[in-house]
Amino acid sequence: MAMSETASMGGVEDRTIPCVGRVSARRIESSDVVTLDVETPEGPVRYAPGQFNMLTAFGVGESAISISGDPASGRLTHTVRAVGPVSRALCNLRPGDAIGVRGPFGVGWPIGTAATRDLLFVAGGLGLAPLRPAIYAALAERSRYGKIAILYGARSPDSIIFRRELEGWRGRFDLHVEATVDHALDDWRGHVGVVTNLISQVEFDAEQATAFACGPEIMMRFVAQALVAREMRESDIHLSMERNMKCGYGQCGHCQFGPFFVCRDGPVFAYEAIRPLLALREI
Amino acid sequence: MNDGVILSCADLNALIESLRAEGRRTIGPVARDGVIVYDDLESIDDLPAGMSDEAAPGHYRLARRDDDALFGYAVGPHSWKRFLHAPVQRLWRSEGERAAARVLAEPLSQEKTAFIAVRGCELAAIAVQDRVLGEGETVDRHYRARRDNAFLVAVDCGTANGGCFCVSMGTGPEASGAYDIALTEILEGEHRFLARAGSEAGQALLRNLPQRAATAEDIRAAREVVARTAQHMGRAMPVGNVRELLARNPDHPRWDDVAARCLSCANCTMVCPTCFCTSVDEASALDGSGTARVRRWDSCFTMDFSYVHGGGVRSSVSARYRQWMTHKLSSWFDQFGTSGCVGCGRCIVWCPVGIDITEEVRAIQASERETEARHGNA
Amino acid sequence: METLERILGEQPFFAGLNPEFLRLATGCANNVRFAAGEFICKEDDPADRFYLVRHGHVALQLFAPGRGAMTFQTVGPGEMFGMSWIAPPYKWTYDARALELTRALAVDGLCLRDKCDHDHDLGYELMQRFLSRTIESLHATRLQLLDVYGAKV
């Protein structure tokens, strides 16, 4: 859907040209993760949950960053981990600073086609960011879906992002939220262990469930296998892939994943479509 | 008109003159630094008359012919890609408060060009890049502008070099596709050119040149030129479904074998007329008044190409070679409905260690057949 | 006794066990409860039982001077912990501590080992189940060891 929306967002036909947005709010999520709200001159933005933008820190460079906000808000929200020069510069932006925005790009979560079904959101680390718009979308029409579970794995309690929100969701009667960490000290009251452990603890109808998983590739492989072990169909499991991206629309060649361009054909893929590729090294 | 007209060498020069009179920059083959490159030419005197190219895996030399053929060689390291999909392209610059108040798109090239002596394989390569960059959901406007401003004068190949395998790829030696004018150089008897128009613009231009109608004899001679070249191909892509072959062999031991020879130098991707990958750099003005984004050709053979935080996805040479060759001959079909290889042979000739893409395909194919034979299910 | 057998049979670990085996296992089991914060076992204690958690959560921990108690796994309803009683030296290799009021079934390992020695069919059936739990926890441990979430440095 969003492919055709793109031109309007930048105000120009050329998809290489960013529009100049302004950071309107900055929230620190953890020691190296920051969430930015961005206002663009065109006003309300439209995007599909799971899509991403190419964000420019002027003078430093550009990076593909998933959209992590509420699609109904009309506002752009991005959650960035400082790992390289560009993401570090993005994390250091302050309210009022200029930021370049191109997008949105890619195919998002097929949340619309999952109506009436049970939904499982399985996130690892920063992987909760691209899932959050889909969670918002599902909660906005809560009655359209069956059971909804959010399973979140993080490295340690202090690396959990969107903490207050997760706690709020956990308090709802119509949501099953579980968080687990790899390591914790005594003051953590939640689960310790890998996120796949949580899958056995959730109730869902494998025939009538759709799963959305995002996190490190290795974690998604194990999550998909655990879901298949619970007799879910491979076509009902969706994963969001990460690859190097420069253009966002399948012309720079960097994000190739077998026959796919992750930026254009993904980043969200059905497990069924990419399972053979996930088993290949260095593809 | 489709039967064509006959131009003499002087008439051919008149063709170049009229293209220049239209305000076009005329670019064609010129001999420079021991190779034939594509550069500005003002008249037919700039063409490498009487030259030929001697090519083999990892080998290229210019040689003298015993005639004055103007197009008596195949292809050198340059392809028309450099004039359509620029090696370095500024995309935009920003200026204003903290160098980020305004983003100004780079203006499109207005330059009108004429490419002289575009070969069959190169017309095919341009058609491939048209699909990748110039058509469909997202059009690269810089490519599109240059493409729309280019007038293509094609030429049938009268000679093949040791790298050529266009016949097996179905792209040559006859020029076919989106040319404006196509020529066949006939050396038998009087030195002349059979010219045919492929577009209205080509037709209009031809109409105003001194010429004579082509006779049956001219047409026979021209056909013979193409037929003779087709019989002298340097090599051939193996027959069979190469797309499927590579798709089912991502773990073939041959990838490690080729990796032991491959220097990962990226030459093959630079000389390839269809390789389209690019990267972007940020450039800042020294006084901090502005920044710019510049796009450059990139290669899947570099380590940074597949970098995701922490490291490259394809860190081994074997994975990078597999990516390049599988993309070119197999996944290109999935992505663009066509092969990414046009059989020009440049990757073979300009590989410093002479890796031959057709030979690599043959090796994988042969090992599969061997396995089938051993298992008795051939 | 009849209720205990039913409760035991409802635990995923014993699911689908044939009634005769279930009756034998029930003979080794009893209901236990632990208050929040209470230690269920401590590292190096003799290991003579395993636990099937019914309600509440248990943290499996190792303590290091200067770092405190580090939890490497939590165990919740429907899950089990404790396999050190199966093989020598029969010692717990971690501390287990109830994170909240926890109800569990404790199964006496010595009693069960004795019954398995006498009935190898029972032994084979149960060892398969223990082995599959071991494999699962090995897989999970690998993932944890890889430390996949953080930024690589």
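Keep in mind that what you see is a predicted model, and the values were worked out from it rather than measured. Along each chain, the written sequence defines residue order, and numbers are assigned to residues from 1. Chains carry letters from A onward and ligands carry numbers from 1 onward, assigned in written order. Predicted model: local features are reported for residues with pLDDT of at least 70 only, side-chain atom pairs are reported and counted for 80 or more only, and whole-chain, interface and lining totals are derived from all residues. Heavy atoms throughout the structure, all of them, feed into the side-chain values; hydrogens and water do not.

Draft legend 1. Quick look at the overall build of chain C. The helix count covers DSSP runs of H or I at least four residues long, the strand count covers runs of E at least two residues long, and both are numbered beginning at the N terminus. Counting its secondary structure elements, chain C contains four helices and eight strands. Counting from the amino terminus, chain C carries its helices and strands in the arrangement α-α-β-β-β-β-β-β-β-β-α-α. For 153 residues, the compact-globule estimate of 2.2 N^0.38 gives 15 Å, and the C-alpha radius of gyration of chain C, at 16 Å, lies within 12% of that figure. Seen through its C-alpha atoms, chain C measures out along the principal axes to roughly 55 × 30 × 30 Å. Looking at the 153 residues of chain C, the share that counts as buried comes to 43%. We call two residues in contact when some of their heavy atoms are within 4.5 Å. A fraction of 74% describes how many contacts in chain C between residues 6 or more apart in sequence connect residues 24 or more apart. Here chain C displays about 8,100 Å² of accessible surface, and carbon together with sulfur accounts for 55% of that area. None of His or the chain ends enter the tally, which takes Lys and Arg as positive and Asp and Glu as negative. Taken as the charge centre is NZ of Lys, CZ of Arg, CG of Asp or CD of Glu, depending on the residue. Both charge centroids of chain C, one from 16 positive and one from 20 negative side chains, sit 5 Å from each other. The globule rule used for comparison is 2.2 Å times the number of residues to the exponent 0.38, while the radius of gyration itself is calculated over C-alpha atoms. Burial classes follow relative accessibility: with a 1.4 Å probe on protein chains only, a residue under 20% of its type's maximum area counts as buried, one over 50% as exposed, and anything between as partly exposed. Per-residue and other accessible areas follow the Shrake-Rupley method at a 1.4 Å probe size, with only the shown protein chains counted as cover for residues.

Draft legend 2. A look at the sheet that holds strand S7 (residues 118-124) of chain A. Residue and element names in this part refer to chain A. Strand order in this open sheet of seven strands is S11-S9-S8-S7-S12-S13-S16, and the pairing throughout is mixed. Pairing within the sheet leaves two strands with one partner each, and these edge strands are strand S11 (191-192) and strand S16 (268-270). Bridging between strand S8 (residues 148-154) and strand S9 (residues 176-181) involves six bridges; their strand directions are parallel. Bridging across to S9, Ala 154 finds its partner in Val 181. Against the sheet, helix H3 (residues 128-140) contacts S7, S8 and strand S12 (209-214), and its axis sits at roughly 160° relative to S7. Pairing between strands is defined by DSSP: at least two bridges between the two strands are required. To get an axis, fit a line to the C-alpha atoms, keeping to the stretch in contact for a helix; angles then go from 0 to 180 degrees between the N-to-C directions.

Draft legend 3. Fine view of the domain arrangement of chain A. All names here are of chain A. In this entry, domain limits derive from an automatic or database-based domain assignment. The domain boundaries assigned to chain A delineate domain 1 (2-105) and domain 2 (112-240). For domain 1 and domain 2, the distance between their C-alpha centroids amounts to 25 Å. Facing 16 residues of domain 1, the contacting portion of domain 2 comprises 13 residues. Two parts placed together each lose some accessible area under a 1.4 Å probe, and the buried area is that loss summed for both. When domain 1 packs against domain 2, the two sides together hide about 1,100 Å² of surface, and 63% of this comes from carbon and sulfur. Of all residues in domain 1, Glu 29, Ser 68 and Arg 81 bury the most surface against domain 2, accounting for 33% of the area lost on that side. Definition used for salt bridges: Asp or Glu carboxyl oxygen within 4 Å of a side-chain nitrogen of Lys or Arg. Between domain 1 and domain 2 we count zero salt bridges in total.

Draft legend 4. Region of interest: the pairing of strand S11 (residues 192-197) of chain B. Residue and element names in this part refer to chain B. Taking burial as the measure, the six residues of S11 include six buried ones, the bulk of the element. By the alternation rule, side chains of S11 split into Arg 192, Leu 194 and Arg 196 and Phe 193, Ala 195 and Ala 197, which are all buried. Both strand S1 (residues 5-8) and S11 contribute to a ladder of four bridges, which runs antiparallel. When the bridges of S11 are listed, Ile 6 appears paired with Leu 194. By the bridge criterion, six bridges tie strand S10 (residues 181-186) to S11 in an arrangement that is antiparallel. Each bridged residue has a counterpart across the sheet, and for Ile 181 the counterpart in S11 is Ala 197. Hairpin connection from S10 to S11: five residues lie between these consecutive antiparallel strands, with Gly 189 at a positive phi of about 75°.

Draft legend 5. Local environment of the packing of aromatic side chains. Pairs were defined over the aromatic rings of Phe, Tyr and Trp, the Trp ring being its six-membered one, requiring ring centres within 6.5 Å. Orientation was assigned from the angle between planes: stacked under 30 degrees, edge-to-face over 60, tilted for the rest. One pass over the full model with this rule turns up 34 aromatic pairs over all chains. Charge-over-ring placement is defined geometrically: NZ (Lys) or CZ (Arg) within 6 Å of the ring centre, and within 35 degrees of the ring normal. The residue whose ring lies beneath B:Lys81 is B:Trp297, and the NZ or CZ to ring-centre distance is 4.4 Å. A cation sits over an aromatic face here: C:Lys42 above C:Phe39, 4.2 Å from the ring centre.

Draft legend 6. Focus on the environment of A:Gly253. Within the secondary structure, A:Gly253 sits in the loop between strand S13 (237-240) and strand S14 (256-257). The sequence separation of A:Gly253 and A:Gly96 amounts to 157 residues, and the corresponding C-alpha distance is 34 Å. Beyond its immediate stretch of four places on either side in the chain, A:Gly253 contacts A:Phe261, B:Phe276, B:Cys277 and B:Phe305.

Draft legend 7. Summary view of the state of the cysteines. All names here are of chain B. Note that a disulfide, as used here, is simply two cysteine sulfur atoms within 2.5 Å. Under the defined criterion, the tally for this structure stands at one disulfide over all chains. Not part of a disulfide, Cys 275 finds its nearest cysteine sulfur in Cys 272, a span of 3.8 Å. Here Cys 300 is not disulfide-linked; the sulfur of Cys 277 is the nearest cysteine sulfur, at 5.9 Å. Using a relative accessible area of 8% as the deciding quantity, one classes Cys 300 as buried.

Draft legend 8. Representation of the nonpolar core. Here, nonpolar core means buried Ala, Val, Leu, Ile, Met, Phe, Trp, Tyr and Cys residues that are tied together by side-chain atoms lying within 4.5 Å of each other. Counting 100 residues, the largest nonpolar core has A:Leu227, B:Phe115, B:Tyr321, B:Trp324, B:Met325 and B:Leu329 as the members making the most contacts within it. When sequence neighbours within four positions are dropped, the list of residues in contact with B:Leu329 reads B:Met237, B:Val242, B:Arg243, B:Leu246, B:Ser339, B:Cys341, B:Ile357 and B:Val361.

Draft legend 9. Representation of the pattern of salt bridges within the structure. Throughout the structure, instances matching the rule amount to 55 salt bridges over all chains. In this structure, the salt-bridge partner of B:Glu95 is B:Arg102, at a minimum N-O distance of 3.3 Å. Where salt bridges share partners, they join A:Glu62, A:Arg102, B:Glu282 and B:Arg293 into one cluster.

Draft legend 10. Quick look at the sheet that holds strand S8 (residues 102-108) of chain C. Residue and element names in this part refer to chain C. Taken in spatial order, the four strands line up as S1-S8-S3-S6 in an open sheet, and their pairing is antiparallel. The open sheet terminates on both sides in strands that have one partner only, identified here as strand S1 (29-34) and strand S6 (80-81). Both strand S3 (residues 49-55) and S6 contribute to a ladder of two bridges, which runs antiparallel. The residue of S6 that forms the bridge with Tyr 51 is Phe 81. Relative to S8, helix H3 (residues 109-118) is tilted by about 40°, and along the sheet it contacts S3 and S8.

Draft legend 11. Molecular detail of the packing of helix H9 (residues 254-261) of chain B against helix H13 (residues 357-375) of chain B. All names here are of chain B. Across the interface, H9 lies against H13 with an axial gap of 10 Å and an inter-helix angle of 150°. As summarised for this structure, H9 and H13 are arranged roughly antiparallel, according to the angle between their axes. Crossing handedness for the pair H9 and H13: right-handed. Taking contact as the criterion, the partners of Arg 254, Trp 255, Val 258 and Arg 261 in H9 are, on H13, Glu 360, Ala 363 and Ile 364. What sets the label is the angle itself: under 35 degrees gives roughly parallel, over 145 gives roughly antiparallel, 65 to 115 gives roughly perpendicular, and the rest give oblique. If you view the pair so one helix is near and one far, a crossing is left-handed when the near helix is turned anticlockwise from the far one by less than a right angle, and right-handed when it is turned clockwise.

Draft legend 12. Spotlight on the interface of chain A and chain B. In this assembly, 39 residues from chain A lie in contact with 48 residues from chain B. Counting each side, the surface lost to burial between chain A and chain B is near 3,300 Å², with a carbon and sulfur contribution of 52%. For the interface between chain A and chain B, the tally reads two salt bridges. Across the salt bridge formed by A:Glu62 and B:Arg293, the nearest N and O atoms sit 3.0 Å from each other.

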